[in-house]
Amino acid sequence: MKLLTELLSAVFMNAFSKCGYDETLGKVSISDRLDLCQFQCNGALAGAKRYKKAPLTIAQEVANQITGCIYIHKIEVVRPGFLNISVQDEFLADYAEQMYHDKFKGIPQAEAEETIVLDYGNPNVAKPLHVGHLRSTIIGEALKRIITATGRKAVGDVHLGDWGLPMGLVLAELEERYADTLPTLTTDLLNEIYPAASRKSKTNEVFLEKARTITARLQKGDTHYTKIWCNMVEVSVKEIRKNFQRLDVSFDYWYGESDSSKYVPQLLQLLTDRNLLVKSEGAQVVEVAKENDKAPVPPAIIVKSNGSEGYVTTDIAAIIQREKDFRPDKIWYVVDFRQNLHFTQVFRVARKAELIPESTELAHLCFGTVNGKDGKPFKTREGGVMQLSELLDSVTACSYEKLKSSDNIPEADKKAAAEKIGIAAVKFGDLINHYSKDYVFDTDKFMASEGKTGVYLLYTVARINSILRKTGINCGKVKLQGVYSESERELLLKIALSGNAFINAFHEKAPNIVCENAYQIAVAFSKFYHENHIISEKDEKKKASWLALCVITKEMLLKHLDTLAIETVDVM
C-alpha cells in the first residue's frame, strides 16, 4: 500500500506540473496543526522565489487545478501560501479498512533488497546481565522488528563478550583458588569469581600479569584453558538466554568475540598489505586521528605488546566476518554512549582498510543511561549495580500486587499476566524515550494505567477485547459503513498515518516514533469509546461500523506492540 501522503502528493504534484511549476513542489506532509487540517502542502512558498510570484498566487492556481478528486474533501489556501488539505471521510474509512486487510498493515515495503546487521545485547560471559543490558536488548529488538516490518532483512547478532581480558581474569582466579581440582561451574560461582578477580587485578600487579598471559594463551588455542573457557561460555549462555526469553528477545546468531577472532589473521594481513600497521611501544597500531577532530582520537591498538588482541581488534574482524557472511548494506551497533571512542576507532580502521564497500553504513546508536529518581545511574538499595533478573522480578511483583484484587483474571493466570504487564511497562517506559536520552526508571510511573505507559496500551487492547466478547462480532467480516462523529474521524486518521510512523521510525532508527503512534491511537480510541455507547447503540448499521472500527484499532495496536516486542493480555 502507498502512504496517504504519497497518494495526496501524486495529486498535488500533477497540479503543480499542470500550472507550469516543478512537480516536486507538490509534496504533501502531515499537518503540523491537526486542529486546522489533516495534511498540508507548502510548495507554493518554496516556489515563490524561483518563479518570482507571490506564494498565495501559486497556491490558488494549484488549488483551482484540483477538482473532483475522490480523495479530497476540502482545500484551503491560507496566507502566506499554505495549502491546507482534508480528505473525504469515505476515502479515510476505506483506507483504514484496506490497512486492516493488508498483509503488512499498510506499511510500505522496501522496493529493493536491503540487509541490515544489528549488533545488540552484548552480554558478557561469566558476568550477570545488569540493568545496562536492558536498553541495548530492547532497543535492538525493536529496531530489528521495525526493519522487518518495512520489508527489509534484519540479522540480529548478540555479540557475546567472551574473549578479552575478563576471560583471563576469571581463568586466573579459578586457577589460584582450585588449581587442578576445578569444581562444577555454575552461574553463581562465575558471578562471584569475576568481580573478585577484577578487584584483585587493580591492586595485585602479579595477578594482573598472570591474567594477561592466560588471555594470550587462550587466544592462541591453549587446550587446557580452552576447555575451561568452553564450559564457562556454556553455563553463562544458558542463563543469559533465560533473561532474554523473559523479554521476548531473540537473536539470529549467538556469535561472540571468539568467532571474530578467527578473522584476525586475515585482518592483520590486510592491514599489512595496505601499510597501515605501525609499531608503537611493542604493540601494533593503526593511526586513525583526523585533522578536524575536536578531541584526541588515539591509535587503534590491533595487537597488544603481549601478543593478545583486544575489543577493537575483534570488532574490526567482526566486520570482515559480517561482510563475508551477509553482505550487509548497513551495520548498526546498539551500544551505550561510553563506547563512542571505541566505535570511532573501529569504523575508521574499517574504512581505511576498505573492509567494506564505501556505500555500507556503519552506525553507532549510542544510548543514554537508566537513572534512579536521584538522577544518578540506577542502583540497588545497597548501592550496587542491579541485575536484570532482579529488576524484572521487582516489576513483576509490583504488577502482581495490583492484580491480586482483580476479579477479571483467574487466580491461576495472574502471575503470568503480571509478568507480561510488568515487562510491558518497563519496555514502553524505556522505548518511549529517544534512545540517545537518559531516562529515570520510575516503577510507579511506568505502572500507571493512565498516561503514556505500556499499561495504558495493554488496558486499551483489553477494553476492546471486552467489547468484542460482549457483542460476539466476527472479526473476519470488517466493514466500515460511515463516519458518524469527529472522534471517529480522528481515530481513523491516527490509524491511517501508522505507515508513516513505521517508515519514519526506520529512517530515524527511532522506536520511540512507533511508541508515540501507538499511544496516539490509544488516546483517540479512548475518546471515541467515551463519546459513543457502542454496545447499546440502537442503530444496527452504526453499531456494526463502530465494532468494525474496534477490530481495526485492536489489530493496529497489536501490530505496533508486536513490533516493540510487547506482549498483551486478554483481560486486565
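As the structure is a prediction and not an experimental result, all values here were calculated from the model.

**With respect to the pattern of salt bridges**
Consideration 1: Under the counting rule described, the total for this entry stands at 40 salt bridges.
Consideration 2: Across the pair Arg177 and Glu173 runs a salt bridge whose closest N-O atoms are separated by 2.7 Å. Of this pair, Arg177 and Glu173 both sit in helix α6 (residues 165-178), 4 residues apart, roughly one helical turn.
Consideration 3: Residue classification places Arg177 among the partly exposed residues on the basis of a relative accessible area of 34%.
Consideration 4: Glu173 gets classed as buried once you look at its relative accessible area, which sits at 5%.
Consideration 5: Arg217 is the salt-bridge partner of Asp222, the closest N and O atoms lying 2.8 Å from each other.
Consideration 6: Relative accessible area serves as the criterion here: at 17%, Asp222 is assigned to the buried category.
Consideration 7: Among the residues examined, Arg217 registers a relative accessible area of 41% and is labelled partly exposed.
Consideration 8: Taken together, the salt bridges that share partners define one network made up of Glu173, Glu175, Glu176, Arg177, Glu192, Lys200 and Lys210.

**Some words on the sheet that holds strand β9 (residues 300-303)**
Consideration 1: Pairing is antiparallel across the open sheet formed by 3 strands, whose spatial order is β7-β8-β9. A single partner strand is all that each edge strand has here, and the edge strands are β7 (277-280) and β9. In this sheet, neighbouring strand axes are inclined to one another by 45° on average, regardless of whether the strands run parallel or antiparallel.

**Re the packing of helix α5 (residues 131-149) against helix α15 (residues 414-431)**
Consideration 1: It is at 10 Å that the axes of α5 and α15 come closest, and there the two elements cross at 80°. The orientation of α5 with respect to α15, classified from their angle, is roughly perpendicular. Facing α5, whose interface residues are Leu134, Arg135, Ile138, Ile139 and Ala142, α15 presents Val426, Lys427, Asp430 and Leu431.
Consideration 2: Within the contact of α5 with α15, the residues separate by chemical class into 6 nonpolar, no polar and 3 charged.

**Focus on the packing of aromatic side chains**
Consideration 1: Counted according to the given criterion, the structure contains 22 aromatic pairs.
Consideration 2: Judged by centre distance (5.2 Å) and plane angle (55°), the rings of Tyr253 and Phe326 are tilted. Of this pair, Tyr253 sits in the loop between α9 (223-246) and α10 (257-261) while Phe326 sits in helix α12 (residues 311-326), and the two are 73 residues apart along the sequence.
Consideration 3: Judged by relative accessible area, which is 31%, Tyr253 ranks as partly exposed.
Consideration 4: Positioned above the aromatic ring of Tyr100, the side-chain terminus of Lys105 is 5.3 Å from the ring centre.
Consideration 5: Seen from the ring of Phe207, Lys200 lies directly overhead, with NZ or CZ sitting 4.7 Å from the centre.

**Here's the deal with α6**
Consideration 1: Taking 1.5 Å per residue, 14 residues should reach 20 Å; α6 reaches 20 Å between its end C-alpha atoms and fits that length.
Consideration 2: Inspection of α6 places Pro166, Met167, Gly168, Leu169, Val170, Leu171, Ala172, Glu173 and Leu174 among the buried residues, and these make up the whole buried set.
Consideration 3: Of the surrounding elements, those touching the buried residues of α6 are α7 (187-203), α8 (205-219), α9 and α12.
Consideration 4: Just downstream of α6, Ala179 is the residue with a positive phi angle, here 50°.

**Let's talk about the nonpolar core**
Looking at soluble globular proteins, one finds that nonpolar side chains tend to be buried together.
Consideration 1: Counting 151 residues, the largest nonpolar core has Phe12, Phe39, Val62, Met232, Trp332, Phe441 and Ile495 as its most contacted members.
Consideration 2: Considering every element that reaches this core, the biggest residue donor is helix α21 (residues 540-563), with 10 residues.
Consideration 3: The contact partners of Val62, leaving out residues within four places of it in the chain, are Phe12, Ala15, Phe16, Cys19 and Leu83.

**Describing the side chain of Thr313**
Consideration 1: For Thr313, the position within the fold is in helix α12.
Consideration 2: Dropping the residues within four chain positions of it, Thr313 is found in contact with Val264, Leu267, Ile301 and Ile302.

What counts, and where the lines are drawn
- Residues numbered from 1 in each chain as written.
- Predicted model: local features only at pLDDT ≥ 70, side-chain atom pairs only at ≥ 80, totals over all residues.
- Heavy atoms only, no water.
- Salt bridge = Lys/Arg side-chain N within 4 Å of Asp/Glu carboxyl O.
- Helix = DSSP H or I, 4+ residues; strand = E, 2+ residues; numbered from the N terminus.
- Buried < 20%, exposed > 50% of the residue type's maximum accessible area, 1.4 Å probe, protein only.
- Pairing = 2+ DSSP bridges.
- Axes fitted to C-alpha atoms, helices over the stretch in contact; angles between N-to-C directions.
- Parallel < 35°, antiparallel > 145°, perpendicular 65-115°, else oblique.
- Contact = heavy atoms within 4.5 Å.
- Nonpolar A, V, L, I, M, F, W, Y, C, P; charged D, E, K, R; others polar.
- Phe/Tyr/Trp six-rings, centres within 6.5 Å; stacked < 30°, edge-to-face > 60°.
- Lys NZ or Arg CZ within 6 Å of the ring centre and 35° of its normal.
- Expected span 1.5 Å × (residues − 1).
- Core = buried A, V, L, I, M, F, W, Y, C linked by side-chain atoms within 4.5 Å.

Bear in mind that shape data such as this cannot, by itself, settle questions of function.
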